[in-house]
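Close look at the chain arrangement
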Amino acid sequence: MPTATATATPTPKAVIHQRYGAKAVYRVDEVREAVDGVCPGLALPQSTRCVYRCQLDIPGVLSVSTPGTFVRKKDAEQGAAQIAIEKLGIQPTSNIPNTPEEAWEELISRISYFFTDENFPTSSHPLVGHLSVTLRRTGDFLGKIPISAIVACDVKVHTLCKIIDPKAEFDPLLVLSMIYNAAKQSPGVSVSNRNFWIQSQRPYSSEAVDLALQCWSGISDPIRVEAVLIPCAVEDEPKMVSLNISENEHYMGDIALKLSATDSSHVLVSRTVDKASSEMRFYFPAPDVQFVSDLSKQLVDDRGDRNMNCVINKRASYISGQTIYGDAVLANVGYTRRDTELQTDHVNLCTYYRILLRKLPDGIYKISKDSILVAELPCVYTRTSWKGPSPRDLLCSFCRLQRLSEPYFAANRVSASCNVLGSAVGSEEMGSPKATAGNQCANDGRIAKENPDMFKCSVKIYSKKRDLLLEYSTDCSWSKETDAIQNSALKVLIWFNRYFKQLNTPVEKLNLPKSTDGFTIYPNIFLQEFAMCLSVYGKTSGGDSRTCSAVGYFSMDTSYQQLESGAFLTYIDGQDSGVFPSHGSLACISCSVQLFMKDSRKRYLLEVNNEFEFEIGAGAVRNQLESCATQLSVNQSACFVDQLSDRDLSLAAACELSPDLSKICRDSCVLEFSVKVLQVTEPLEDRMEKALFNPPLSKQRVEFAVRHINQLHATTLVDFGCGSGSLLDSLLEHPTTLEKIVGVDISRKGLTRAAKSLHQKLSKKLLLQSSVPTAVLYHGSVTDFDSRLYGFDIGTCLEE
Ligand SMILES: C[S@@+](CC[C@H](N)C(=O)[O-])C[C@H]1O[C@@H](n2cnc3c(N)ncnc32)[C@H](O)[C@@H]1O
């Protein structure tokens with residue numbers, strides 16, 4: 001029996017049918033034969049069983065009959081067909097036709113096969129699921145199924161359509177047109193002239209109907225399935241719709257209603273969206289029969305400016321990678337081989353926005369971190385701190401989801417002086433984790449001696465048709481091939497991320513062809529491939545800094561302080577434990593994001609993450625969040641609010657906890673973040689330092705400074721670049737000759753921390769060994785003259 005896959009071998013009967021259609025007539029005779037193993041010579045009646053013999057007549061060609069008998073009728077028919085094939089010398093052909101003409105012939109016979117009484121209703125093909133609904137009906141619609149049901153169920157039909165015209169891959173309307181026109185020529189099948197119903201010309205035998213109804217259970221209770229309507233007009237927001245599928249109703253019936261289509265035969269179906277294993281598809285209205293039946297008679301290119309072109313649903317087309325016309329319903333419903341009943345699953349706005357989010361360059365990363373509003377694509381890759389899918393995997397997924405070719409990575413060995421030594425190394429081979437020599441060319445003789453092999457990696461991004469659209473090459477080299485690949489992949493992802501964040505920028509301003517930072521863009525191909533992104537994400541892209549008044553909002557609350565990033569921080573809660581996240585350390589935080597409506601003063605929880613780990617300084621989270629976290633010590637918490645951009649709103653909509661955000665006015669709300677620092681893990685460097693230096697380097701530095709101070713009998717000291725005051729702090733704990741200490745730093749943040757910890761220490765004076773009464777901190781730069789710093793005995797400048 002033929003199967004739905006393109007790789008299945010056709011049965012002998014299907015081969016005969018393909019050649020001779022309804023001309024081939026099978027006659028099956030019932031015979032009774034004795035059951036083997038019965039004892040001879042018994043007086044009792046002998047057991048017999050019913051078996052079948054088959055005769056196949058192809059008038060004017062041949063007549064054959066099976067020499068033996070078969071237990072099942074259909075096996076007898078297959079047996080006869082096999083004998084005919086052998087007698088006629090029909091060579092077993094490959095299942096996939098070579099030419100469009102052969103494919104067209106096969107399409108006609110395949111459609112015909114779907115409606116033959118003998119095979120089809122008893123098979124496990126999901127199209128029988130569709131048929132069984134209509135066999136439960138009476139009257140006009142008995143046995144009629146929409147042509148798009150074939151599109152939804154049969155992979156082979158698609159393969160054949162693509163051989164007939166490769167454009168079919170991207171155009172469900174063209175596929176409908178091909179099936180409609182082929183069905184008109186299919187023996188035993190009838191199609192309507194005014195709509196897209198298809199049915200068997202002859203009524204099915206009661207045996208076949210019974211079998212179909214037995215195999216495919218009907219709907220006993222009405223089913224309600226959530227779906228999303230995506231209007232064709234981009235300015236209209238997608239909205240939820242409920243599909244109600246009742247007994248004896250084909251599920252496309254209610255979809256037709258939602259789309260204001262004439263009936264379910266006027267509903268077109270896209271390929272599956274998101275995962276191939278799901279039945280999530282776009283449904284959209286078909287144009288009139290005349291238009292569709294004409295479609296394959298002429299070149300599709302001729303359609304150019306036809307009416308249909310102006311009603312392309314850009315959002316649905318972008319998601320499915322096929323051309324979708326008019327309003328579209330995104331629903332997860334259908335018959336599959338996995339089950340013998342209708343499969344349904346809810347699709348909501350969150351599903352829709354998640355699909356869109358996944359297609360963004362940083363989308364999969366955000367989803368993998370479970371923090372859509374919080375996480376950002378980090379700007380540096382280190383094997384030890386990178387969490388989730390690797391940059392290379394993210395770039396591959398991005399290209400796949402944008403329907404581009406797989407990215408091409410060429411990792412090359414380079415000499416210590418940065419000359420390329422060898423040919424491209426397969427990017428599949430990944431090196432084992434080991435510290436790299438940094439992102440510099442290895443012109444350091446020591447490194448070259450110890451590890452002469454350095455790698456750099458270039459990346460090329462091609463369209464589906466293999467036209468080059470972006471090229472990245474770099475001078476940075478790495479001691480591991482894997483690091484070279486991952487870092488280059490990350491650079492390309494970051495480039496795309498920046499591009500997606502500025503989609504609203506006029507093309508001329510994007511300066512695409514100009515090669516900066518190793519990027520070369522081929523603007524024609526590039527813009528062609530990303531043409532739809534603007535209409536899909538344009539509205540939601542960043543850079544739209546609407547001025548929601550965060551200050552206005554907070555003036556209603558108590559105190560706040562402005563973060564360097566511009567957001568506003570409320571008072572800090574909890575005891576200062578003295579352990580702050582610093583550059584390079586891993587901070588583990590808990591964080592929640594709420595949408596605060598200024599008018600109604602209502603809050604909507606958008607995102608909660610109880611344990612989120614990120615590296616400080618790697619750009620791995622929203623700017624404001626990092627500013628906030630670095631102000632807190634372990635166990636302290638704080639809140640801050642941030643303005644809401646359109647992009648935030650669409651990202652928020654992809655969060656599981658988001659309400660229906662489509663109706664929310666962006667100007668009247670802010671995002672409210674609550675953050676608590678749970679744990680800080682020192683930077684890897686610090687851990688290595690601890691292992692290698694005993695006492696630790698930081699201690700050795702302070703001891704060195706103390707020795708010099710005392711040797712010189714210095715009474716005044718100024719620490720340039722004092723940061724958070726680690727040296728000044730330590731000096732308070734050592735007996736020295738000092739009487740006055742001053743710190744200078746360019747960073748206010750560092751000085752704030754220094755002030756806090758020095759204040760704490762100085763207030764516990766009795767415990768101190770030093771006789772320094774106070775410490776003074778100045779905000780300023782070492783490069784600027786400052787008379788206040790004149791005449792000091794000693795100046796220090798220490799590395800952390
Ligand atoms: C590596 S940290 C060292 C901090 C501190 N000395 C310690 O040992 O913990 C360098 C410090 O120099 C500060 N800095 C950088 N440029 C500066 C400038 N032009 N004037 C003053 N401070 C500067 C930075 O803000 C930072 O706090």
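Bear in mind the structure is a predicted one, so any value in this text is a computation, not a measurement.

This part covers the overall build of the chain. Each helix and strand in the chain was counted, giving 26 helices and 26 strands. A burial count over the chain gives 50% of its 800 residues as buried. Nonlocal contacts in the chain, meaning residues at least 24 apart in sequence, comprise 69% of its contacts between residues at least 6 apart. Split by element, the accessible area of the chain, about 38,000 Å² in all, is 51% carbon and sulfur.

Position of E615 relative to the elements: it lies in strand β20 (residues 603-615). Other than its neighbours up to four places away in sequence, E615 contacts T382, S385, G584, S585, L586, A620 and E626.

Pairing is antiparallel in the open sheet, where three strands are placed in the order β4-β6-β5. Two strands bound the open sheet, and with one partner strand each, they are β4 (145-146) and β5 (189-191). The pairing of β4 with strand β6 (residues 197-200) spans two bridges and is antiparallel. Opposite P146, over in β6, you have W197 as the bridge partner.

Here the focus is the packing of helix α1 (residues 12-20) against helix α2 (residues 73-88). In helix packing, the relevant descriptors are the interaxial angle and the interaxial distance, both defined with respect to the helix axes. Axis separation between α1 and α2 bottoms out at 8 Å; the angle between their running directions is 60°. On the basis of their axis angle, the class for α1 and α2 is oblique. By crossing handedness, the relation of α1 to α2 is classed as left-handed. Contact residues: P12, K13, V15, I16 and Y20 in α1; E77, Q78, A81, Q82, A84, I85 and L88 in α2. A per-class count over the contact of α1 with α2 returns eight nonpolar, two polar and two charged.

For the rest of this paragraph, the subject is the site of the ligand. Taken together, 13 residues form the shell around the ligand, and within it G721, S726, D745, S781 and L798 come nearest. Contact between the ligand and D745: an oxygen atom at 2.6 Å from a side-chain N or O atom of the residue. Between the ligand and the protein, one listed contact pairs a nitrogen atom with a backbone N or O atom of L798 at 2.8 Å. If the ligand stood free it would expose 590 Å²; the protein chains cover 71% of that surface. The residue makeup of the shell around the ligand, split by class, is four nonpolar, six polar and three charged.

Before going further, it helps to examine helix α6 (residues 155-164). Because an α-helix packs 3.6 residues into every turn, residues spaced three or four apart end up facing the same way. Turning to α6, its buried residues are K156, V157, H158, T159, L160 and C161. Of the residues that open α6, the one with a side-chain oxygen 3.4 Å from the backbone nitrogen of K156 is D154.

Even without being a glycine, R403 presents a positive backbone phi close to 55°. Positionally, R403 belongs in the loop between α14 (391-401) and β13 (408-414). For R403, a relative accessible area of 31% translates into the label partly exposed.

Turning to the environment of F409, a few remarks are in order. Tracing the chain through its elements places F409 in strand β13. The class of F409 is buried, set by a relative accessible area of 5%. Along the primary structure F409 and K460 are separated by 51 residues, whereas in three dimensions their C-alpha atoms are 6.7 Å apart.

Right, let's talk about the pairing of strand β2 (residues 48-58) for a bit. Summarising the sheet, β2 and strand β3 (residues 62-65) pair through four bridges and their orientation is antiparallel. Bridged to Q55 within β3 is S65. Where β2 folds back onto β3 in an antiparallel hairpin, the turn is made up of three residues, including G60, whose phi is positive at roughly 80°.

Looking now at the packing of aromatic side chains. Scanning the model with the defined rule gives 25 aromatic pairs in all. Considering the side-chain rings of Y113 and F114, the 5.8 Å spacing of their centres and the 45° angle between planes classify their relative orientation as tilted. Residue Y113 shares its accessibility class with F114, and that shared class is buried. A connected cluster of aromatic rings, assembled from ring pairs, spans F398, Y472, W495, F496, Y499, F500, F519, F526 and F530. Stacked on the ring of Y318, the Lys or Arg K359 has its end atom at 4.3 Å from the ring centre. Taking the ring centre of F612 as reference, the NZ or CZ of K369 above it sits at 4.9 Å.

Summed over the entire model, instances satisfying the criterion amount to 20 salt bridges. Here K456 makes a salt bridge to D475, at a shortest N to O gap of 3.9 Å. Placement of K456 in strand β14 (residues 454-462) and of D475 in the loop between β15 (468-472) and α16 (481-501) is noted, with a sequence separation of 19 residues between them. The exposure class of K456 is buried, given its relative accessible area of 15%. Taking the shortest distance from any N to any O, the salt bridge between E733 and K761 comes out at 2.7 Å. You can see E733 sitting in helix α25 (residues 726-733) and its partner K761 sitting in helix α26 (residues 748-763), a full 28 residues away along the chain. It is possible to trace a salt-bridge network through shared partners that takes in K366, E376 and K501.

A few words now on the packing of helix α12 (residues 349-358) against helix α22 (residues 646-653). Following both chains from N to C, one finds α12 and α22 inclined at 120°, their axes separated by 7 Å at the closest point. Viewed along their axes, α12 and α22 adopt a mutual orientation that is oblique. Residue-level inspection shows L349, C350, Y353 and L357 of α12 in contact with α22, the latter providing S650, L651 and A653. Here the residues of the contact of α12 with α22 sort into six nonpolar, one polar and no charged.

Here strand β19 (residues 586-597) pairs with strand β22 (residues 669-681) via twelve bridges, running antiparallel. Residue pairing for β22: L586 is matched across the bridge by T681. As judged from the six bridges shared by strand β21 (residues 637-642) and β22, these two strands associate in the antiparallel manner. Across the sheet, residue F640 finds its bridge partner in β22, namely F673.

This part is about the sheet that holds strand β23 (residues 716-720). Taken in spatial order, the four strands make up an open sheet running β25-β24-β23-β26, and their pairing is parallel. Single-partner strands in this sheet number two, and they are β25 (775-779) and β26 (794-796). Pairs of neighbouring strands in the sheet enclose a mean axial angle of 20°, with direction left out of account. Judged from the three bridges that link them, β23 and β26 form a sheet pairing that is parallel. Paired with V718 across the bridge in β26 is G795. Across the sheet, α25 touches β23, β24 (740-745), β25 and β26, and the angle it forms with β24 is around 165°. With respect to the sheet, α26 is in contact with β24 and β25, its orientation differing from that of β25 by roughly 170°.

Cut-offs used in this document
- Residues numbered from 1 in each chain as written.
- Predicted model: local features only at pLDDT ≥ 70, side-chain atom pairs only at ≥ 80, totals over all residues.
- Heavy atoms only, no water.
- Helix = DSSP H or I, 4+ residues; strand = E, 2+ residues; numbered from the N terminus.
- Buried < 20%, exposed > 50% of the residue type's maximum accessible area, 1.4 Å probe, protein only.
- Contact = heavy atoms within 4.5 Å.
- Areas by Shrake-Rupley, 256 points an atom, 1.4 Å probe, with all protein chains shown as cover.
- Pairing = 2+ DSSP bridges.
- Axes fitted to C-alpha atoms, helices over the stretch in contact; angles between N-to-C directions.
- Parallel < 35°, antiparallel > 145°, perpendicular 65-115°, else oblique.
- Left-handed = near helix turned anticlockwise from the far one by under 90°.
- Nonpolar A, V, L, I, M, F, W, Y, C, P; charged D, E, K, R; others polar.
- Near = heavy atom within 4 Å.
- Polar contact = N/O pair within 3.5 Å; in protein donor to acceptor, adjacent residues only side chain to side chain.
- Phe/Tyr/Trp six-rings, centres within 6.5 Å; stacked < 30°, edge-to-face > 60°.
- Lys NZ or Arg CZ within 6 Å of the ring centre and 35° of its normal.
- Salt bridge = Lys/Arg side-chain N within 4 Å of Asp/Glu carboxyl O.

Just geometry here; none of it tells us what the structure is for.
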